[in-house]
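Chain and residue survey
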Protein chains: 2
Amino acid sequence: MSRKGCLVIISGFSGAGKGTVVKALMERFDCYALSISATTRQPRPGEENGREYFFKTKEEFEELIRQDALYEYAQYVSNYYGTPKAYVEEQLEAGKDVILEIEVQGALKVKEKNPDALLLFVTPPSAQELKKRLEGRGTETPEVIEERMARAAQEALLMNKYDYLVVNDQLDDCVETVHQLIQREHLRMTANQEMVAKIKKELSEMKGE
Amino acid sequence: MSRKGCLVIISGFSGAGKGTVVKALMERFDCYALSISATTRQPRPGEENGREYFFKTKEEFEELIRQDALYEYAQYVSNYYGTPKAYVEEQLEAGKDVILEIEVQGALKVKEKNPDALLLFVTPPSAQELKKRLEGRGTETPEVIEERMARAAQEALLMNKYDYLVVNDQLDDCVETVHQLIQREHLRMTANQEMVAKIKKELSEMKGE
C-alpha cells in the first residue's frame, strides 16, 4: 500500500528555536521534505532558485495567485511571499512528510485548506526564557527584542488554534517529540482508508464463504 | 502544574488481541488505570467487588442510570453492564490515563459525552489473520468463530469513527505504539491550557514593563 506523506506546519515565537528543530529533523531523518516558498524578492548571493526559494517575477507570482496555486501568501515590504502547492503535493505523493515553517496567520490559512494538516506550536518554557534567548543571540538591538516580544504576545492569542504544544527546553528531546508527533499521524484512521477498505472487503468476503 | 489524565477507549475485533495489549500496558507502565465496569450479574468465584466489576443490584444500577452516573450502559442476557463515571473521573483527576476496553457502540457513546477521549481501534493485519487467531485459541466452536467474524464485519462499519488504527502484528510493537499514542495526547493544545495561560500572562506583563 502506498503511504502518502503528512503535511506538518511548525510555528512558534521568534526565538523559540523552531528553525533549529526543523534543521535537526531534516538532518536526522530522511522521511521529511521542507516546503520551499516562492518570493518576488531578489536572490541574495549564494541563494539558488528551487533551494532557498522559488524566485518569481511579480507577474509570475500574481499568476500563481490567480490560479489558486498557493496555500497562502502575504506581502512584506512590497515583496510577495507564499507557499506553492505543487511542490508540497509532489513531495506528499512521494511519501515525504512535508514541513512548512511559517508564521501563525499563514499557518491558519493552510489549515483551512488542508484540515488534515498537523499544526505544531513550539514555545520555550517561559516568556522569560524567550527573552533570554533573544538577548543571548547578541545580534538584536533592544528595540528589535521589544518588537519580537510584542509580536509573540500577538501570536500567543492564536496558539489555541494549534493541535499540539511542544515545549522546546532541551533541543534533542524536542526534536524527538516532534518526530514522534508527526509519525503518529500515519496511524490516523483518516490516513488508513486503504487498510480499512481492505479489512472490510476481506470480512465481507469471508461471510459469503 | 497538575496534569490531568487522558481518557482512552480501546476497541477492536474479538481476537485482535486488545485484551493482551491492555494487560501489557497496565503491567509495563504505572501511568494507567483500567476503568471498572458496573454489572448486575452475579460475581463468579474469585471475583471481587471493585476489582473485576462493581457488582450492583438491578435497583442500584437503575438508580445510576437515573442519576446520569454512567458514560454508557447496555443490557445482555437480562443483565446490565455499564461504565460508571465516578471511578474514571477520580482516576483522571489523580493524573492517571484511564483505559476503557469496550465494544464499538459503547465507545461511541462515551466519545459523544467526552469529545477529548482518544479512540483507538486495534486490528490484526488481515481478516485471514483474525480468523487464524480465533481458530488458534482451540476453544471456540466453528459456529462461535463464524459469529465472531460476522460481528467483526458489523464493527468494521464503524471503524472510521475512531481516531487511530493500530495494527497488532507484533505485540511488543503494538503496546509501545499504543503507549506513545496515549502519551502524545498530553501535548494537545486542549490539554495545555494552563501552560498557554501562563505564557500569555507572562508575555502581556513583559509588554507593560
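Here, residues in each chain are numbered from 1, in the same order as that chain's written sequence. Throughout, the order in which chains and ligands are written sets their labels, letters from A for the former and numbers from 1 for the latter. Owing to the predicted nature of the model, reporting of local features is limited to residues with pLDDT of at least 70; listing and counting of side-chain atom pairs is limited to 80 or more, with chain, interface and lining totals taken over all residues. Computation of side-chain values: all heavy atoms of the structure, hydrogens and water removed.

Some words on the nonpolar core
- Nine residue types can take part in a nonpolar core, namely buried Ala, Val, Leu, Ile, Met, Phe, Trp, Tyr and Cys, and a core is a set of them joined through side-chain atoms within 4.5 Å. The buried label goes to any residue with under 20% of its type's maximum accessible area, the exposed label to any with over 50%, and the partly exposed label to all in between, with areas taken from a 1.4 Å probe on protein chains only. Phe13(A), Leu203(A), Phe13(B) and Leu203(B) are the most contacted members of the largest nonpolar core, which has 113 residues in total.
- Within the second largest apolar cluster, 8 residues are counted, among which are Ile36(A), Ala38(A), Ala69(A) and Leu70(A).

Comments concerning the sheet that holds strand E6 (residues 79-84) of chain B
Residues and elements named next belong to chain B.
- Read from one edge to the other, the open sheet built from 4 strands follows the order E4-E3-E6-E5, with strand pairing classed as mixed. The open sheet has two free edges, formed respectively by strand E4 (53-55) and strand E5 (70-76), since each of these has just one partner strand. Strand-to-strand twist across the sheet, computed as the mean angle between neighbouring axes with direction ignored, equals 25°.
- For two strands to be treated as a pair, DSSP must find at least two bridges joining them. Strands are runs of DSSP state E lasting at least two residues, helices are runs of H or I lasting at least four, and both sets are numbered from the N terminus onward. Sheet analysis places strand E3 (residues 37-39) next to E4, joined by 3 bridges and oriented parallel. Bridged to serine 37 within E4 is tyrosine 53.
- Every residue pair with non-hydrogen atoms within 4.5 Å of one another is taken to be in contact. For every element, the axis is a line fit to its C-alpha atoms; helices are fit only across the contacting stretch, and the angle between N-to-C directions ranges from 0 to 180 degrees. Helix H2 (residues 58-66) contacts E3, E4, E5 and E6 of the sheet and is inclined by roughly 45° relative to E6.
- Across the sheet, helix H3 (residues 85-93) touches E4, E5 and E6, and the angle it forms with E6 is around 25°.

Side note on the relation of the copies chain B and chain A
- Each copy superposes on the other: chain B lies on chain A with an RMSD of 0.0 Å after a rotation of 180° and an axial shift of 0.0 Å. As the rotation angle and translation indicate, the two copies are arranged about a two-fold axis.
- A shared binding surface is used by both copies, with 100% of the interface residues of chain B retained as interface residues in chain A. Fitting of the copies onto one another was done by least squares over C-alpha atoms, counting residues only where both copies have pLDDT of at least 70.

Some remarks on the packing of helix H7 (residues 171-184) of chain A against helix H7 (residues 171-184) of chain B
- For the pair H7(A) and H7(B), interaxial distance at closest approach is 11 Å and the crossing angle is 110°. One finds that H7(A) runs roughly perpendicular with respect to H7(B). Counted together, Gln180(A), Leu181(A) and Arg184(A) of H7(A) and Thr177(B), Gln180(B), Leu181(B) and Arg184(B) of H7(B) form the full contact between these two elements.
- Here the contact of H7(A) with H7(B) is built from residues that sort into 2 nonpolar, 3 polar and 2 charged. In these notes the angle categories are as follows: under 35 degrees is roughly parallel, over 145 is roughly antiparallel, 65 to 115 is roughly perpendicular, and the rest is oblique. For this scheme, ten residues count as nonpolar: Ala, Val, Leu, Ile, Met, Phe, Trp, Tyr, Cys and Pro. Four count as charged, namely Asp, Glu, Lys and Arg, and the remainder, Gly too, count as polar.

Looking at the packing of helix H1 (residues 18-28) of chain A against H7(A)
All names here are of chain A.
- Direction vectors running N to C along H1 and H7 enclose 65°, while the axes themselves pass 10 Å from each other. Viewed along their axes, H1 and H7 adopt a mutual orientation that is roughly perpendicular. With respect to the hand of their crossing, H1 and H7 are arranged in right-handed fashion. Counted together, Thr20, Val21, Ala24, Leu25 and Arg28 of H1 and Leu171, Asp172, Cys174, Val175, Val178, His179 and Ile182 of H7 form the full contact between these two elements.
- Each residue belonging to the contact of H1 with H7 can be placed in one class, and the counts come to 8 nonpolar, 2 polar and 2 charged. Left-handed describes a crossing whose near helix is turned anticlockwise from the far helix by less than a right angle; the clockwise case is right-handed.

Here we look at unusual backbone geometry
- For Ser78(A), which is not a glycine, the phi torsion comes out positive at approximately 65°.
- Within the secondary structure, Ser78(A) sits in the loop between strand E5 (70-76) and strand E6 (79-84).
- Positive phi is not limited to glycine here, since Val77(B) has a value of about 45°.
- One can find Val77(B) in the loop between E5 and E6.

Details of the interface of chain B and chain A
- Facing the 43 residues of chain B at the interface are 43 residues of chain A.
- Buried surface at the junction of chain B and chain A, summed over both partners, amounts to about 3800 Å²; 65% is from carbon and sulfur atoms.
- Looking at the side of chain B facing chain A, the largest losses of area belong to Arg184(B), Met189(B) and Leu203(B), adding up to 18% of the total buried there.
- The working definition used for a salt bridge is a side-chain nitrogen of Lys or Arg within 4 Å of a carboxyl oxygen of Asp or Glu. At the boundary of chain B with chain A, the tally comes to 1 salt bridge.
- Among the salt bridges present, the one from Glu185(A) reaches Arg184(B), with a minimum N-O distance of 2.6 Å.
- Polar contacts, as counted here, are pairs of nitrogen or oxygen atoms within 3.5 Å of one another; within protein the pair requires one atom able to donate a hydrogen and one able to accept it, and residues that are adjacent in sequence qualify only if both atoms are side-chain atoms. Summed over the shared surface of chain B and chain A, the result is 15 residue pairs in polar contact (both at pLDDT 80 or more).
- Residue assignment for the side of chain B that touches chain A shows that the elements contributing at least two residues are strand E8 (118-123), helix H5 (127-136), helix H6 (142-156), strand E9 (164-167), H7 and helix H8 (193-207) of chain B.
- Take the side of chain B that touches chain A: its biggest share by element is 10 residues, from H8(B).
- In terms of residue class, the side of chain B that touches chain A is built from 25 nonpolar, 8 polar and 10 charged. Accessible-area loss on putting two parts together, using a 1.4 Å probe and summing over both, is the definition of buried area adopted here.

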